[in-house]
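These are the residues of each chain, in order.
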Amino acid sequence: MQAFTQLDAVAAPLPRINVDTDQIVPALYLQKPRAADFGAFLFRDVRHDAQGARRPDFPLNDPAYAQARILVAGRNFGCGSSREHAVWALADGGFRAVVAPSFGDIFFSNALKNGLLPVRLPEPRVEALLALLQREPGTRLRIDLAAQRVHAGDGGCDAFEIDPFARHCLLEGLDELDYTLGQSGRIEAFERERALSFSPIPSA
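Residues numbered from 1 in each chain as written. Predicted model: local features only at pLDDT ≥ 70, side-chain atom pairs only at ≥ 80, totals over all residues. Heavy atoms only, no water.

Caption draft 1: Representation of the packing of aromatic side chains. Throughout the structure, instances matching the rule amount to eight aromatic pairs. A ring pair is formed by Tyr-29 and Phe-41, whose centres lie 4.2 Å apart and whose planes are at 5°; its orientation type is stacked. Of this pair, Tyr-29 sits in the loop between helix 1 (21–24) and helix 2 (44–47) while Phe-41 sits in the loop between helix 1 and helix 2, placing them 12 residues apart in sequence. The exposure classification of Tyr-29 matches that of Phe-41, with both residues buried. Residues Phe-38 and Phe-41 carry aromatic rings whose centres are separated by 5.5 Å and whose planes lie at 85° to one another, so their mutual orientation is edge-to-face. By way of ring pairs, the aromatic residues Tyr-29, Phe-38, Phe-41 and Trp-88 are connected into one cluster. Between the NZ or CZ atom of Arg-120 and the centre of the ring of Phe-108, over which it lies, the distance is 3.8 Å. (Phe/Tyr/Trp six-rings, centres within 6.5 Å; stacked < 30°, edge-to-face > 60°. Helix = DSSP H or I, 4+ residues; strand = E, 2+ residues; numbered from the N terminus. Buried < 20%, exposed > 50% of the residue type's maximum accessible area, 1.4 Å probe, protein only. Lys NZ or Arg CZ within 6 Å of the ring centre and 35° of its normal.)

Encoded structure:
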């Protein structure tokens, strides 16, 4: 997993609430292997019309946000079904972080496990950021994970909370398997100690 320390990037606004995982990646693509480019399916149905043409009113179709790596969205982002594919689609689409007032619980957990940083900020602040991004397309945000701060072009600096273990893994670029393998020495020592202290029951 790629380490996440600081991210200074263009942010794209998605001023919608209750964006569910079916909108993020439609069910049609859930049978694809992880090796597939899920970025090609990101917001596929809401980003295109019935004829497959891109909707000009959908923010991510605006060239000003083509290089965006941060998504700023309304509350309850990633609600709905538990599909991990929604996180894959955002990650493969180039996003490293999503800023919103709240997230679907399972999406939030899946994001942290896949190197996508979900940042919770108060709703009034998110609304101010959305207004800034819409007013000044191409605006950059800087997210400092070590300091747990979001710096905006309007001079704002907002603190956010994150689970310490998830923060450690993101900063070090570790997924849960990497972390466990990194503890192999301690695990082996525990197993040796357990074996030495084990007294088998004598046979009758």
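Caption draft 2: Local environment of the environment of Cys-169. Turning to its location among the elements, Cys-169 is positioned in helix 6 (residues 164–172). A relative accessible area of 5% places Cys-169 in the buried class. In sequence terms Cys-169 and Phe-4 are 165 residues apart; their C-alpha atoms lie 8.9 Å from each other.

Caption draft 3: Inspection of the sheet that holds strand 4 (residues 117–120) at higher detail. Taken in spatial order, the seven strands line up as 4-3-2-1-5-6-7 in an open sheet, and their pairing is mixed. Pairing within the sheet leaves two strands with one partner each, and these edge strands are strand 4 and strand 7 (157–159). Averaged over all pairs of adjacent strands, the angle between strand axes in this sheet comes to 30°, irrespective of strand direction. Where strand 1 (residues 6–14) lies against strand 5 (residues 140–144), five bridges are found, and the strand directions are antiparallel. Opposite Gln-6, over in strand 5, you have Asp-144 as the bridge partner. (Pairing = 2+ DSSP bridges. Axes fitted to C-alpha atoms, helices over the stretch in contact; angles between N-to-C directions.)

Caption draft 4: Here's a closer look at the pairing of strand 4. Across four bridges, strand 3 (residues 97–100) lies against strand 4 in parallel orientation. Its bridge partner being in strand 4, Val-99 is matched across the sheet by Val-119. Of the crossover connections in this fold, the one passing from strand 3 over helix 4 (residues 105–113) to the parallel strand 4 is right-handed. (Right-handed = clockwise from strand over helix to strand, strands pointing away.)

Caption draft 5: Up close: helix 4. Burial in helix 4 covers these residues: Phe-107, Phe-108, Asn-110, Ala-111 and Leu-112. Looking at the buried residues of helix 4, the elements they touch are helix 1, helix 3 (85–92), strand 4 and helix 6. Gly-115 sits one or two residues past helix 4 and shows a positive phi near 80°. (Contact = heavy atoms within 4.5 Å.)

Caption draft 6: Molecular detail of the layout of surface pockets. If you add up the space inside the largest pocket, you get close to 180 Å³. The wall of the largest pocket is formed by 13 residues, among which Arg-47, Leu-60, Tyr-65, Ala-66 and Gly-93 lie closest to the centre. The residue makeup of the lining of the largest pocket, split by class, is seven nonpolar, three polar and three charged. (1 Å grid on protein atoms, 1.4 Å probe; cavity = no way out; pocket = protein on both sides within 12 Å on 5 of 7 lines; lining within 4 Å. Points joined across faces, edges and corners; volume = space filled by probe spheres on them. Nonpolar A, V, L, I, M, F, W, Y, C, P; charged D, E, K, R; others polar.)

Caption draft 7: Summary view of the side chain of Gln-148. Tracing the sequence through the fold places Gln-148 in the loop between strand 5 and strand 6 (149–151). At a separation of 3.2 Å, a polar atom in the side chain of Gln-148 contacts the side chain of Arg-167. (Polar contact = N/O pair within 3.5 Å; in protein donor to acceptor, adjacent residues only side chain to side chain.)

Caption draft 8: Highlighting helix 5 (residues 123–135). Counted at 1.5 Å a residue, the expected span for helix 5 with its 13 residues is 18 Å, and the 18 Å between its end C-alpha atoms agrees. Along helix 5, the residues classified as buried are Arg-125, Val-126, Leu-129, Leu-130, Leu-132 and Leu-133. The buried residues of helix 5 occupy an angular sector of 160° when projected down its axis, which confines them to one face. Pointing more than 90 degrees away from the buried face of helix 5 are the exposed residues Pro-124 and Arg-135. (Expected span 1.5 Å × (residues − 1). Arc of directions from axis to C-beta.)

Function-wise, these values are silent; they only describe arrangement.
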